[in-house]
Amino acid sequence: MPVPPGRRERKKAATRQKIADAAMRLFLERGYDAVGIREVAAEADVAVTTLFSHFAAKEALVFEQDEDFERRLTRAVTGRSPDEPLIPALRHEIQALVRHCTADTAAPVWRMIDESPALRKYEESMWLRHAETLATAMAADPGLALTATAGRAIARFVVDAYALAREEADPQAAVDEIFQMIEAAWEAAHPVRHA
């Protein structure tokens, strides 16, 4: 059973959320490029140094759930039961993440990201980092028996499934279609050995 966070951790999380909410409100009202870090800090009623202790860069304010996304992908590998196949566990997680990011309230955020070269570049590097983290989690699981190349390729396919599906008219159908291809890649990485 997980230990509930202490008072200090709760305060840190509340401050982080307050900063992220203030940033998003300003970005959506005035545009990402029109808002400076000092304005975000003032809106959140924190010092600039406090803002940077929670977010490494301005772009990170937009992707404030980045670490949670990465943790969820890793948990899909490490948190499944020994007899649970990997690909369905990853598919389930990606479907949940796609549902979250395709809610009507998310549309303005994705438009803002699409309109900003800095945010698109940050997002791309974030996806690559997530894929590497996922590949590392898969490589650490002795039951998966993947080559490093196969693990990295499948991890990239999984992360790309999220990015591609959220842009489709029917995101859930897109996840299903993409995961059929991921299943095929998984099978190719685990050919049946004949005696």
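Predicted model only: the values in this text are computed from it and were never measured.

Draft legend 1. Structural view of the packing of helix H5 (residues 66-78) against helix H6 (residues 86-101). At their nearest, the axes of H5 and H6 sit 8 Å apart, and the two run at 155° to each other. Classified by the angle between their axes, H5 and H6 sit roughly antiparallel to one another. Crossing geometry of H5 relative to H6 is assigned as right-handed. Residue-level contacts link Phe69, Arg72, Leu73, Ala76 and Val77 of H5 to Leu86, Ala89, Leu90, Glu93, Ile94, Ala96 and Leu97 of H6. Per-class residue counts for the contact of H5 with H6 are ten nonpolar, no polar and two charged.

Draft legend 2. Region of the structure containing the environment of Arg30. Its location among the elements puts Arg30 in helix H1 (residues 7-30). Once the C-alpha coordinates of Arg30 and Thr149 are considered, the two residues, 119 residues apart in sequence, prove to be 44 Å apart. When residues no more than four places from it in sequence are discounted, the contact partners of Arg30 are Val35 and Glu39. Reaching out from Arg30, the side chain makes a polar contact with the side chain of Glu39 at a distance of 2.4 Å.

Draft legend 3. Structural context of the nonpolar core. Counting residues in each nonpolar core, the largest one holds 61 residues, and the members touching the most others are Val62 and Ile94. For this core, the element with the highest residue contribution is helix H9 (residues 148-165), accounting for nine residues.

Draft legend 4. Spotlight on the packing of H5 against helix H8 (residues 117-139). One can describe the packing of H5 onto H8 by two numbers: an axis separation of 9 Å at closest approach and a directional angle of 25°. When the axis of H5 is compared with that of H8, the two are roughly parallel. H5 and H8 meet at a crossing whose hand is right-handed. Of H8, the residues touching H5 (which contributes Asp66, Phe69, Glu70, Leu73, Thr74 and Val77) are Tyr122, Met126, Trp127, Arg129, His130, Thr133, Leu134, Ala137 and Met138.

Conventions adopted
- Residues numbered from 1 in each chain as written.
- Predicted model: local features only at pLDDT ≥ 70, side-chain atom pairs only at ≥ 80, totals over all residues.
- Heavy atoms only, no water.
- Axes fitted to C-alpha atoms, helices over the stretch in contact; angles between N-to-C directions.
- Helix = DSSP H or I, 4+ residues; strand = E, 2+ residues; numbered from the N terminus.
- Parallel < 35°, antiparallel > 145°, perpendicular 65-115°, else oblique.
- Left-handed = near helix turned anticlockwise from the far one by under 90°.
- Contact = heavy atoms within 4.5 Å.
- Nonpolar A, V, L, I, M, F, W, Y, C, P; charged D, E, K, R; others polar.
- Polar contact = N/O pair within 3.5 Å; in protein donor to acceptor, adjacent residues only side chain to side chain.
- Core = buried A, V, L, I, M, F, W, Y, C linked by side-chain atoms within 4.5 Å.
- Buried < 20%, exposed > 50% of the residue type's maximum accessible area, 1.4 Å probe, protein only.

Interpretation in functional terms is not warranted from these geometric data alone.
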